[in-house]
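# Tertiary structure, described
Okay, here's what each chain looks like letter by letter:
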Amino acid sequence: MEYGTLGKTELPVSRIGFGAWAIGADWGQVTEADAMATLHAAVDDGVTFFDTADVYGDGRSERLLAQLCRERPSVDIKVATKVGRRLSPHVASGYTAKNMESFVDRSLLNLGTETLDLVQLHCPPTDVYYDAALFAGLDDMVQRGKIRHYGVSVERVEEALKAIEYPGVETVQIVFNILRQRPAELFFREAVKRDIGVIVRVPLASGLLTGKMTAATTFSADDHRTYNRHGEAFDVGETFAGIDFATGLAAVEELRALVRPGTTMAQLALRWILMFDAVSTVIPGGKNPAQVADNVLAADLRALKAKEMAAIGDIYDRFARPQVHHRW
Ligand SMILES: NC(=O)c1ccc[n+]([C@@H]2O[C@H](COP(=O)([O-])OP(=O)(O)OC[C@H]3O[C@@H](n4cnc5c(N)ncnc54)[C@H](OP(=O)(O)O)[C@@H]3O)[C@@H](O)[C@H]2O)c1
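Read on for a plain summary of the structure. Being a predicted model, the structure only gives us computed values, none of them experimental. Residue indices follow the written sequence of each chain, beginning from 1 at its first position. Local features in this predicted model are restricted to residues whose pLDDT is 70 or higher, and side-chain atom pairs enter the listing and the counts only when it is 80 or higher, whereas totals over whole chains, interfaces and linings include all residues. Computation of side-chain values: all heavy atoms of the structure, hydrogens and water removed.

## Re helix H1 (residues 32–44)
Helix and strand assignments come from DSSP, with helices taken as H or I runs of at least 4 residues and strands as E runs of at least 2, each series counted from the N terminus. One fewer than the residue count of a helix, multiplied by 1.5 Å, yields its expected span. Across its 13 residues, H1 extends 18 Å between first and last C-alpha, which sits within 8% of the 18 Å expected from 1.5 Å per residue. Taken residue by residue, H1 has Ala-35, Met-36, Thr-38, Leu-39, His-40, Ala-41, Ala-42 and Val-43 as its buried positions. The contact criterion used is simple: two residues touch if any of their non-hydrogen atoms lie within 4.5 Å. In the core, the buried residues of H1 are packed alongside strand S3 (18–19), strand S4 (49–51), helix H2 (60–71) and helix H10 (289–296). Just beyond H1, the residue with positive phi is Gly-46, at close to 100°. Summary of the burial criterion: residues with accessible area below 20% of their type's maximum are buried, those above 50% are exposed, and those between are partly exposed, where the area comes from a 1.4 Å probe applied to protein chains only.

Next comes the structure, spelled out in structure tokens:
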């Protein structure tokens, strides 16, 4: 495992982290025993950074992480959570400092701690990034010691660029993978300039970039890959990274030729992300210890060659760019 720091927060993080959405909900059933085994496997494999949210299983994911921290007291585990999506309706006017603090209070209870390491606004509506009073309220929560650091989880590059104008915003979480390459243009350069911690989510395009899916693959009714395939429940960019499933499968077929013997496509997809120095940590989700074991090995893979990077760029240009580049 490689380690680094999360931008100017200076929190130490493993470059391969863990995304704890699937162990909360929305990805079919994951038993509590499987979830805990997966989390322990991640720690055993050197993962020290975990991403969650107050809405993942309505707090289940946070509570499982609290249990992990209790069961592994000797490991310096950092947990990033997110707030905002408990608002109903989920509208910009709900993003007040007071509402965010009430969500933070609930996350403090769920996570069994007195201070949260990192709180991220959970993909708020775009107008929220123009509300300076909200960010002042977050600064105030840092001052009072409820949260150590805060950042944003964004849908779009433009939201990220606006958010990092606030000096208190120390991290940005964004979708970045072989099928979603636009953050590597302007945003990564600006993030490096300001020493922003960059957390990369949906690195496997919801599992598509593991190469295990076919046109016949189906998902359970409670899996967002069934119920959000066209953005019915939330931003479609969170499901298969926003690319049409059939086109994604066609891109994956071409990627197969780039997977070196003895390695997996998931490792290729994650190693590609780690080629970008702006990335502080990448947080693949996982539902069992075998997936975690596969994913963490990406940190040990040799760097991709220029020829391999160019081939991946070409696959992006032909399959994904026309669908995604102008959208996020
Ligand atoms: N709005 C937001 O802020 C937001 C949105 C999305 C995600 N996130 C965060 O980002 C994290 C990662 O994104 P994600 O979970 O959506 O997508 P992802 O990491 O691209 O895909 C994760 C899924 O792929 C499958 N998988 C993972 N590793 C595998 C392997 N080695 N081999 C085969 N299958 C594998 C698993 O599902 P199956 O086994 O069921 O296929 C797993 O749940 C989330 O957990 C969450 O913490 C945040």
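## Re the pairing of strand S9 (residues 197–201)
Taken across its 5 residues, S9 has 5 buried, putting it largely inside the fold. Side chains Gly-197, Ile-199 and Arg-201 of S9 all project onto a buried face; the interleaved residues Val-198 and Val-200 project onto the opposite face, where all are buried too. Regarding topology, helix H6 (residues 186–193) serves as the crossover connection from strand S8 (residues 169–175) to the parallel S9, and that connection is right-handed. Two elements, S9 and strand S10 (residues 281–282), share 2 bridges in a ladder whose sense is parallel. If you follow Ile-199 over to S10, its bridge partner there is Thr-281. Seen with its strands pointing away from the viewer, a crossover is right-handed when the path leading from the first strand over the helix to the second is clockwise. A pair of strands is labelled paired if DSSP reports no fewer than 2 bridges between them.

## Comments concerning the packing of aromatic side chains
Here a Phe, Tyr or Trp ring, Trp counted by its six-membered ring, pairs with any other such ring whose centre lies within 6.5 Å, and the pair is stacked when the planes are under 30 degrees apart, edge-to-face when over 60, and tilted otherwise. Applying the stated criterion to the full structure yields 14 aromatic pairs. Ring plane angle 10° and centroid distance 3.9 Å describe the contact between Phe-135 and Tyr-166, whose orientation is recorded as stacked. With Phe-135 in helix H4 (residues 132–143) and Tyr-166 in the loop between helix H5 (157–163) and S8, this residue pair connects regions lying 31 residues apart in the sequence. With respect to class, Phe-135 is no different from Tyr-166; both count as buried.

## Thoughts on the packing of H1 against H2
Only the contacting stretch of a helix is used when fitting its axis, a line to C-alpha atoms as for every element, and angles between N-to-C directions run 0 to 180 degrees. Close contact between H1 and H2 brings their axes to 10 Å; oriented N to C, the two are set at 50°. Considering the angle they form, H1 stands oblique to H2. At the point where H1 passes H2, the crossing takes the right-handed sense. Note on element contacts: H2 touches H1 through Arg-60, Leu-64, Leu-65, Gln-67, Leu-68 and Glu-71, opposite Glu-32, Ala-35, Met-36, Leu-39, His-40 and Val-43. Of the residues that constitute the contact of H1 with H2, the class distribution is 7 nonpolar, 2 polar and 3 charged. Small angles under 35 degrees read as roughly parallel and large ones over 145 as roughly antiparallel, with 65 to 115 read as roughly perpendicular and the rest as oblique. The sense of a crossing depends on the near helix, which, turned anticlockwise from the far helix by less than a right angle, makes the crossing left-handed and, turned clockwise, makes it right-handed. The residue classification treats Ala, Val, Leu, Ile, Met, Phe, Trp, Tyr, Cys and Pro as nonpolar and Asp, Glu, Lys and Arg as charged. All others, Gly included, are polar.

## Concerning the site of the ligand
Taken together, 32 residues form the shell around the ligand, and within it Asp-51, Ser-153, Lys-212, Arg-225 and Gln-291 come nearest. N or O atoms within 3.5 Å of each other form a polar contact, as long as, within protein, one can give a hydrogen and the other can take it, and as long as residues adjacent in sequence are counted only when both atoms are side-chain atoms. Within the side chain of His-122, an N or O atom sits 3.4 Å from a nitrogen atom of the ligand. Interatomic distance of 2.6 Å between a side-chain N/O atom of Ser-153 and an oxygen atom of the ligand. Residue-level accessible areas treat just the shown protein chains as cover; the underlying method is Shrake-Rupley with a 1.4 Å probe. Its free accessible area being 890 Å², the ligand has 93% of it covered by the protein chains. The greatest single-element share of the shell around the ligand, amounting to 3 residues, is contributed by H10. Taken together, the residues of the shell around the ligand break down into 13 nonpolar, 11 polar and 8 charged. Proximity is defined per residue: any heavy atom of the residue falling within 4 Å of a molecule or strand makes that residue near it.

## Notes on the pattern of salt bridges
Oppositely charged side chains can form a pair if their charged atoms are brought close together. By definition here, a salt bridge exists when the distance from a side-chain nitrogen of Lys or Arg to a carboxyl oxygen of Asp or Glu is within 4 Å. Applying the stated criterion across every chain, the model contains 25 salt bridges. The partner of Asp-44 in a salt bridge is Arg-72, and the shortest N-O contact between them spans 2.9 Å. One end of the pair, Asp-44, is in helix H1; the other, Arg-72, is in the loop between H2 and strand S5 (78–83), with 28 residues separating them in the sequence. Through salt bridges that share partners, Glu-101, Asp-105, Asp-140, Arg-144 and Lys-146 make up one connected network.

## With respect to the environment of Trp-328
Among the structural elements, Trp-328 can be located in the segment after helix H11 (306–324). Overall, Trp-328 belongs to the buried group, its relative accessible area being 5%. Not counting the four nearest positions on each side in its chain, Trp-328 is found in contact with Glu-155, Arg-156, Val-157, Arg-180, Arg-182, Asp-235, Val-236, Gly-237, Ala-241 and Gly-242.

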